[in-house]
Amino acid sequence: MNIYTNSDSLSLALSTYRDNKKIGFVPTMGALHKGHLSLVQRALQENDWVVVSIFVNPTQFDNAGDLEKYPRTLKEDIGLLSSLKGTILVFTPEISDIYPKKVVSKQFDYGGIEFEMEGKHRKGHFDGVGTIVSFLFKIVQPNFAYFGEKDFQQLQIIKKLVQLEKFQVEIVGCPIIREKNGLAMSSRNKRLSKEQFEKAAMISKTLEEVRKKFKTHTISQLNELVKERFLSNDSIELEYFEIVNEKNLKTAKRKHKKNTYRGFIAAFAGPVRLIDNMPLN
Ligand code: AMP
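For clarity, every value in this text was computed on a predicted model and none was experimentally measured.

Conventions we followed
- Residues numbered from 1 in each chain as written.
- Predicted model: local features only at pLDDT ≥ 70, side-chain atom pairs only at ≥ 80, totals over all residues.
- Heavy atoms only, no water.
- Core = buried A, V, L, I, M, F, W, Y, C linked by side-chain atoms within 4.5 Å.
- Buried < 20%, exposed > 50% of the residue type's maximum accessible area, 1.4 Å probe, protein only.
- Helix = DSSP H or I, 4+ residues; strand = E, 2+ residues; numbered from the N terminus.
- Domains from an automatic or database assignment.
- Contact = heavy atoms within 4.5 Å.
- 1 Å grid on protein atoms, 1.4 Å probe; cavity = no way out; pocket = protein on both sides within 12 Å on 5 of 7 lines; lining within 4 Å.
- Points joined across faces, edges and corners; volume = space filled by probe spheres on them.
- Near = heavy atom within 4 Å.
- Polar contact = N/O pair within 3.5 Å; in protein donor to acceptor, adjacent residues only side chain to side chain.
- Areas by Shrake-Rupley, 256 points an atom, 1.4 Å probe, with all protein chains shown as cover.
- Sits in = over half its atoms within 2 Å of the grid points.
- Pairing = 2+ DSSP bridges.
- Axes fitted to C-alpha atoms, helices over the stretch in contact; angles between N-to-C directions.

Here we come to the nonpolar core. Among the nonpolar cores identified, the biggest contains 43 residues, and Leu10, Val51, Leu89, Phe137 and Ile171 are the most heavily contacted of them. Top contributing element to this core by residue count: helix α7 (residues 125-140), with eight residues. Counting residues domain by domain, this core receives three or more from each of domain 1 (2-174) and domain 2 (187-275). Residues contacting Val51, with those up to four places away along its chain left out, are Leu10, Leu14, Ile23, Gly24, Phe25, Val26, Leu89, Phe91 and Val140.

See below:
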């Protein structure tokens with residue numbers, strides 16, 4: 001496993017690796033866990049070389065405290081990656097490499113999906129995501145890039161970005177990896193107390209309940225049910241719950257047989273913001 005700390009050295013190394021070989025890419029913000037590793041393992045199975053980037057991208061944070069407190073565990077991350085079998089190139093750039101002049105995002109028109117859910121609650125988030133992922137795709141030029149359904153809206157944004165920027169890469173969506181108690185794995189879980197960690201399991205449990213009741217309940221009944229579950233839990237605070245049409249991420253008011261729906265939750269455990277989602281039909 002080799003570690004590259006700037007884009008020039010990575011580009012140079014990749015030029016020798018590229019010859020008729022498949023390159024897989026997994027962008028991350030580090031503080032790696034089994035969710036990230038599942039993406040890397042899939043990439044290793046499907047490619048000759050895999051690039052894993054570790055970079056906490058400031059422009060996708062709308063909250064200075066969240067950025068400052070975001071867990072950074074580079075030593076442990078390198079240890080986890082080196083325990084995997086296969087050739088991994090780790091890319092850990094400095095902020096000045098990605099943003100040589102000003103730490104600002106480019107603006108993207110993703111056709112409307114950027115204004116739903118996370119876009120409403122984290123202003124500028126998807127411009128930041130598009131900026132960093134475009135930069136990384138231009139350097140790595142992967143054949144396949146792997147993203148988790150944990151960030152389902154982000155996955156749709158990336159697919160749109162590939163169309164917009166005409167990147168020659170196939171985007172592979174990967175399933176959500178969960179803790180034993182059902183909580184979706186996340187780097188931010190490292191900031192939870194033991195009690196918050198246990199209590200936060202109600203997020204996925206509530207989604208699971210909605211999934212089970214989806215056939216027999218109306219959408220407004222399900223919206224009410226979720227509100228009640230959170231009102232009767234004083235440790236986890238609901239930011240939003242939405243049932244959306246998977247195709248355009250628009251909020252569903254009524255169910256239509258031909259559509260596929262997904263439920264999304266964002267909630268706070270103290271200052272820690274957690275998100276999760278689940279297919280419903
Ligand atoms: P992050 O480091 O949070 O930016 O995540 C990097 C990638 O890992 C993104 O594509 C995430 O969707 C994915 N990811 C994060 N957590 C999980 C999880 N629990 N299961 C599957 N993929 C995940």
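Empty pockets left among the atoms are what a rolling probe the size of a water molecule brings to light. Going through the model one piece at a time under the given rule, you end up with two cavities of 30 Å³ or more. Taken as a whole, the largest cavity holds about 820 Å³ of empty space. Lining the largest cavity are 48 residues, and of these Met29, His36, Lys150, Asp151 and Gln154 sit closest to its centre. Top contributing element to the lining of the largest cavity by residue count: α7, with six residues.

For the rest of this paragraph, the subject is the site of the ligand. In the vicinity of the ligand, 17 residues are found, and the nearest of them are Met29, His36, Asp151, Ile177 and Met185. Take Met29: an N or O atom from its main chain is 2.9 Å from an oxygen atom of the ligand. Take Met185: an N or O atom from its main chain is 2.9 Å from a nitrogen atom of the ligand. Look at the ligand: alone it shows 480 Å² of surface, and the protein chains cover 93% of it. In this structure the site holding the ligand corresponds to the largest cavity. When residues of the shell around the ligand are traced back to their parent elements, those giving at least two are β2 (23-28), α2 (34-46) and β5 (144-148).

Here the focus is the sheet that holds strand β8 (residues 261-269). With respect to topology, three strands assemble into an open sheet ordered β7-β8-β9, the strand pairing being antiparallel. Strands at the two margins of the open sheet, each flanked by one partner only, are β7 (236-245) and β9 (272-279). Direction aside, the axes of adjacent strands within the sheet are offset by 15° on average. Bridge count between β8 and β9: eight bridges; the pairing is antiparallel. Note that in β9 the partner of Ala266 across the bridge is Ile275. Here helix α10 (residues 201-213) sits on the sheet in contact with β7, β8 and β9, set at roughly 25° to β9. Its contacts with the sheet put helix α11 (residues 219-231) on β7 and β8, and the angle it makes with β7 is roughly 165°.

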